[in-house]
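# Chain and residue survey
Okay, here's what each chain looks like letter by letter:
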Amino acid sequence: IIIRTRPLKNGNQSIYLEMHHEGKRSSECLHLYLVPEETEEDRKQNELTMLAAQHIRADRYQEAIRKGFSHDLLDREDSDMKLVDYIMKEKERHDKMGMPPCGKFSHLVFWVNKIAPAIQLKDVNRIFAEKLRDALVNTVSEKKGRPLKKATIEGLFWQFGNIMQRATDEGRANYRQIHLPSLRGLGEPADVREALTFDELQKLINTPCSHQKTRTAFLFSCATGIRYSDMKNIRWKNIVMHDDRIQLEMLQSKTKKYVYVPLNKLALSLIPERNDSPADALVFTLPPDTNYLNEVMSRWVKAAGIDKHISYYSGRHTFATLQYELGACLSVTQSNLGHCDMESTMGYTHILEGKKLQVTDKINEMFAERLKKRIVWEKPRK
């Protein structure tokens with residue numbers, strides 16, 4: 001049972017199922033259509049449409065199993081495709097969709113070549129997945145001399161599961177994400193996320209930076225919590241007036257969720273003059289990647305006399321820190337950071353350690369007299 005598309009005269013593509021059984025072929029029109037991807041909304045619509053088609057295919061497949069049809073999906077020629085070739089095919093599809101660069105595809109190819117370079121899609125099963133998991137968990141990084149981080153292992157494993165899910169939905173394999181072995185308790189914990197305090201941020205603002213675009217990018221991230229992948233895509237139409245306040249409204253490239261961030265004075269001071277720029281024009285011109293940004297920032301932070309390992313992403317952590325210091329609750333911070341769930345926001349709560357100590361000291365002051373009296377009263381009698 002294969003998902004197929006055929007072009008229509010109006011430019012859309014009609015989706016249908018092609019079913020093979022005992023040498024016979026039939027088809028079923030799903031009355032679902034893909035539209036030309038001219039905007040971000042078109043791309044989102046097509047993703048939802050394909051998801052609906054995959055669900056229908058899964059239902060038809062289960063019906064076939066209940067009727068006793070033989071499992072002939074893995075007898076197709078294209079199921080002989082190597083796993084590494086399919087991963088690279090998925091990378092090409094990812095790039096064509098205009099999504100942010102992702103190194104997980106090349107990393108997966110490296111690990112598959114290390115474990116079983118000739119393995120075909122139809123041969124991928126739980127045994128192979130466990131070998132991949134064990135290889136990731138037991139590897140020591142040549143650069144840092146320590147095991148891979150838990151987040152790195154989870155990210156690669158999730159990408160592997162996602163690729164196999166798509167291959168299974170296309171009828172090329174028979175291994176789904178739900179079959180992945182557990183990663184519970186495996187991998188090294190993540191490093192403590194560094195962030196700047198208000199005084200350190202002020203010190204950095206007052207220190208000259210050798211690259212103005214780096215300065216603008218990092219300070220804007222500190223002021224808004226915007227990721228690099230989103231900042232380089234900010235257009236003038238994303239900066240709007242709402243209730244007499246200027247705010248940033250845009251679809252995040254990572255989470256595909258809209259974020260609404262009121263712009264404070266620091267953020268507004270970093271936005272260049274618009275002049276006659278059209279609504280679709282980019283607001284910022286940034287370096288092509290964060291590697292150059294981090295190199296410049298390392299020198300900038302050192303010149304400011306700040307003894308912390310600060311990268312570009314630390315700007316997002318700094319924004320979260322300032323939110324907490326100003327009394328924002330977790331739900332507000334979650335909204336401003338654009339997190340899909342509270343668990344992601346909870347990853348920033350280590351910066352609250354100082355506040356917990358302050359609260360403890362205040363409680364001690366409030367109950368000092370009462371505690372003193374209680375201690376006197378509880379002295380053992382002679």
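Here the structure is shown first, and the text comes after it.
This write-up is about the structure you can find in this document. A quick note: this is a predicted structure, and the numbers were derived from the prediction, not measured.

## Examining the packing of aromatic side chains
Under the criterion given, the structure shown has 7 aromatic pairs. Relative to Phe160, the ring of Phe128 lies with its centre 5.9 Å away and its plane at 50°, an arrangement referred to as tilted. A residue pair is termed long-range when its members are at least 10 positions apart, and Phe128 in helix 4 (residues 126–137) and Phe160 in helix 5 (residues 150–169) qualify at 32 residues. Phe160 matches Phe128 in its accessibility class, with the two residues each being buried.

## So, unusual backbone geometry
For His31, which is not glycine, the phi dihedral falls at a positive 55°. Mapped onto the elements, His31 comes out in strand 3 (residues 24–34). We note that Asn275 has phi near 55°; this positive angle belongs to a residue other than glycine. In this fold, Asn275 is placed in the loop between helix 9 (265–270) and helix 10 (290–303). What makes Asn275 exposed here is its relative accessible area of 67%.

## Regarding the nonpolar core
Ranked by internal contacts, the top residues of the largest apolar core, which has 38 residues, are Phe218, Phe220, Met231 and Ile234. For this core, the secondary-structure elements that each account for two or more residues are helix 6 (198–205), helix 7 (212–224), helix 8 (228–231), strand 5 (245–251), strand 6 (258–262), helix 9 and helix 10. No other element matches the 6 residues that helix 7 contributes to this core. Formed by 29 residues, the second largest nonpolar core is a distinct cluster that contains Ile87, Val112, Leu136 and Leu183.

So, how was this worked out
Once a new chain begins, its residue numbering starts again from 1 and follows that chain's sequence as written. Totals for whole chains, interfaces and linings use every residue, but because this is a predicted model, local features are given only for residues with pLDDT of at least 70 and side-chain atom pairs only at 80 or more, for both listing and counting. As a rule here, side-chain values come from all non-hydrogen atoms in the structure, and water together with hydrogens is ignored. Classification of ring pairs uses Phe, Tyr and Trp, with its six-membered ring standing for Trp, and accepts pairs whose centres are within 6.5 Å; under 30 degrees between planes counts as stacked, over 60 as edge-to-face, and the remaining range as tilted. Helix numbers and strand numbers start at the N terminus; a helix is a DSSP run of H or I with at least 4 residues, a strand a run of E with at least 2. Buried residues are those whose accessible area, probed at 1.4 Å on protein chains only, stays under 20% of the maximum for their type, while exposed residues exceed 50% and partly exposed ones sit between those limits. We define a nonpolar core as any set of buried Ala, Val, Leu, Ile, Met, Phe, Trp, Tyr and Cys residues linked to one another through side-chain atoms lying within 4.5 Å.

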